[in-house]
Amino acid sequence: MIGVRRQTQIYLDGVSGRRPHVPLDAVRLETAAERCMRPEAFAYVAAGAGNERTLAANRAAFDRWRIVPRTLRDVERRDTSVELFGQRLPSPFLLAPVGVLELAHPEADCAVARAARDTGTAMVFSNQASKPMEGLARILEDSPHWFQLYWSRSDALVESLATRAERCGCRAIVVTLDTTMLGWRSRDLEGAYLPFLRGKGIAQYTSDPVFTQLLGEERVGPDEPQPQPRPTLAALRTLIELTRAYPDGFVRTLRSGRGRAAVKRFAEIYSRPSLTWETLAFLRERTSVPIVLKGILHADDAARAVEEGIDGVIVSNHGGRQVDGAIATLEALPAVVQAVGGRIPVLLDSGVRGGADVFKALALGARAVLIGRPYVYGLAIAGRAGVREVIENLAADFDLTMGLAGCSSASEIGPGALVPTP
Ligand SMILES: Cc1cc2nc3c(=O)[nH]c(=O)nc-3n(C[C@H](O)[C@H](O)[C@H](O)COP(=O)(O)O)c2cc1C
């Protein structure tokens, strides 16, 4: 019943002259966030790969379906909750793993974790988070949280991250498959800006015992030319920035050189393009936590995931940030759902911007969706409160859309509720 409650609260606030601080419309939300962020930070969040065709295709795919509401079905009492890996989520969406949240707000992942706990929404910790997972788990306590893993070149680091996630009470480990290399991101390349090289978004590494041990060892990755930056003012500023980012105190880090070493080692090992299905067995043998594959777009890969004993898949193209021209996720969803045949849950992300989008994804067979950029924009505008508003608005919008479409529970939503746009 969150829909009516939230709506009433907003209208009543209006009577006293208060209007929502965080825009409800997705485009206005993005514009408002842009005003609060440094240009290179906003570009890093908003951008897609290449000419951003997949970024646009994700949205267009939602427009190709329309909802056909049914009437006279008693929707007074509604249940928007869904079950995932033994936990009930109040609404069918989670907060997607988003790295480098310090670009949006200094409290970064901690503010997001507080908003997630405030609302009972599941949060997926990013491998590229700005805050170590242990602190986030302390904020969230029993509130649902998962961990997202990038498969490093170091197996020992993979094992260490998975073990930490398990200890942190993460109820699933999401292995992201679509970022074994960074996509060709034109906006970031034009600004020559990659936050990791400034020590941002590597907190899961610098807080990890295996990673810190690797700092003192020989390089792990393949030999590639490592151009040395010229000693310019900008290079000096970067050195200060990454020294500050290392959790050892500024002076100690400057003396030890560990800030720079951490960035260098991270760049060498952060991901493994040689990853195959066989490699995944390594994780399966080391954790009893459900494993979810993120970045599945082909029915055959989804079927293989089931065969390999994987516990869930996320139909994702990384918000259009990896392969420009890749299939939109809503387009890919029906074939994946069919291949999986109800044996494991199928989730979807990329381009979800409102309650109707959530409804359409569920109608086409997703158990739940994940949202990325919208909550980052809420974070940029108003920190924890901003993220909470984005979550509450989406939950309310979904509840009302579901009820007005004639469904009283998320599980009732099926393909019969949609028609293709003529
Ligand atoms: C700034 C940014 C950073 C991201 N970082 C990660 C990450 O660390 N790990 C990951 O699996 N996905 C990451 N993603 C992808 C999201 O998890 C998600 O797939 C995507 O944002 C969903 O699309 P949406 O932003 O259109 O909702 C990132 C996305 C953005 C926008």
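The structure displayed is predicted, hence computed values, not measured ones.

Rules and cut-offs
- One numbering rule holds for all chains: residues counted from 1, following each sequence as written.
- In keeping with the model being predicted, local features are shown solely for residues with a pLDDT of at least 70 and side-chain atom pairs are shown and tallied solely at 80 or more, while totals for entire chains, interfaces and linings include all residues.
- Heavy atoms from the whole structure form the basis of all side-chain values; hydrogens and water molecules are not counted.
- Each salt bridge in this description consists of a side-chain nitrogen of Lys or Arg and a carboxyl oxygen of Asp or Glu lying within 4 Å of one another.
- Labels follow the DSSP assignment, with helices taken as runs of H or I lasting at least four residues and strands as runs of E lasting at least two, numbered in each case from the N terminus.
- Think of it in three bands: residues with accessible area under 20% of the maximum for their type are buried, residues over 50% are exposed, and the middle band is partly exposed, with areas taken using a 1.4 Å probe on protein chains only.
- Looking down the strands as they point away from the viewer, one classifies a crossover as right-handed if the path from the first strand across the helix to the second runs clockwise.
- A pair of strands is treated as paired once DSSP finds two or more bridges between them.
- The contact definition used throughout considers only heavy atoms, calling two residues in contact when any of these lie within 4.5 Å.
- In this analysis a 1.4 Å probe is tested at points of a 1 Å grid over the protein atoms alone, and where it fits but cannot get out there is a cavity; an open set with protein on both sides within 12 Å along at least five of seven lines is a pocket; lining residues have an atom within 4 Å of a point.
- Grid points are joined across faces, edges and corners, and a volume is the space filled by probe spheres set on the points.
- When residue character is reported, Ala, Val, Leu, Ile, Met, Phe, Trp, Tyr, Cys and Pro are called nonpolar, Asp, Glu, Lys and Arg charged, and the others, Gly included, polar.

Undergrad: Just to check I follow, could you spell out the pattern of salt bridges for this structure?
TA: Side-chain pairs of opposite charge can arise where the charged atoms are in close proximity. Counted under the stated rule, the structure contains 23 salt bridges. Between Glu-241 and Arg-198 there is a salt bridge, and its shortest N-O distance comes to 3.7 Å. Highlighted residues: Glu-241 in helix α11 (residues 233-245) and Arg-198 in the loop between α8 (186-190) and α9 (203-206), separated in sequence by 43 residues. Where salt bridges share partners, they join Arg-6, Glu-389 and Glu-392 into one cluster.

Undergrad: What is the right way to read the pairing of strand β7 (residues 173-176) from this model?
TA: In summary, the side chains of a regular strand alternate between the two faces of the sheet. Neither face of β7 is left uncovered, since the one carrying Ile-173 and Val-175 and the one carrying Val-174 and Thr-176 both have all their residues buried. Of the crossover connections in this fold, the one passing from strand β6 (residues 145-149) over helix α7 (residues 155-167) to the parallel β7 is right-handed. For β7 and strand β8 (residues 291-296), the ladder comprises four bridges, and the chain directions are parallel. Following the sheet pairing, Thr-176 is matched in β8 by Lys-294.

Undergrad: What should I look at first to understand unusual backbone geometry in this one?
TA: With the exception of glycine, the majority of residues adopt a negative phi angle, and the majority of peptide bonds are in the trans configuration. Despite not being glycine, Glu-52 shows a phi value in the positive range, around 60°. Counting through the fold element by element, Glu-52 comes out in the loop between α3 (39-46) and α4 (53-63).

Undergrad: What is the right way to read the side chain of Thr-279 from this model?
TA: As for its position among the elements, Thr-279 is in helix α14 (residues 277-286). Those residues in contact with Thr-279 that sit more than four places away from it in its chain are Trp-151, Arg-272 and Ser-274.

Undergrad: What's the story with empty space enclosed by the protein in this structure? I'm lost.
TA: Picture a little ball the size of a water molecule; that probe, rolled over the atoms, points out where space is still empty. The full count for this structure, using the stated rule, is two cavities of 30 Å³ or more. By volume, the largest cavity is sized at about 490 Å³. Lining the largest cavity are 35 residues; nearest its centre among them are Pro-97, Val-98, Gly-99, His-318 and Arg-321. Elements with a contribution of two residues or more to the lining of the largest cavity: α3, β11 (368-371) and α18 (373-404). Its residues assigned to classes, the lining of the largest cavity shows 17 nonpolar, 12 polar and six charged. Tallied by class, residues from the lining of the second largest cavity come to three nonpolar, four polar and one charged.

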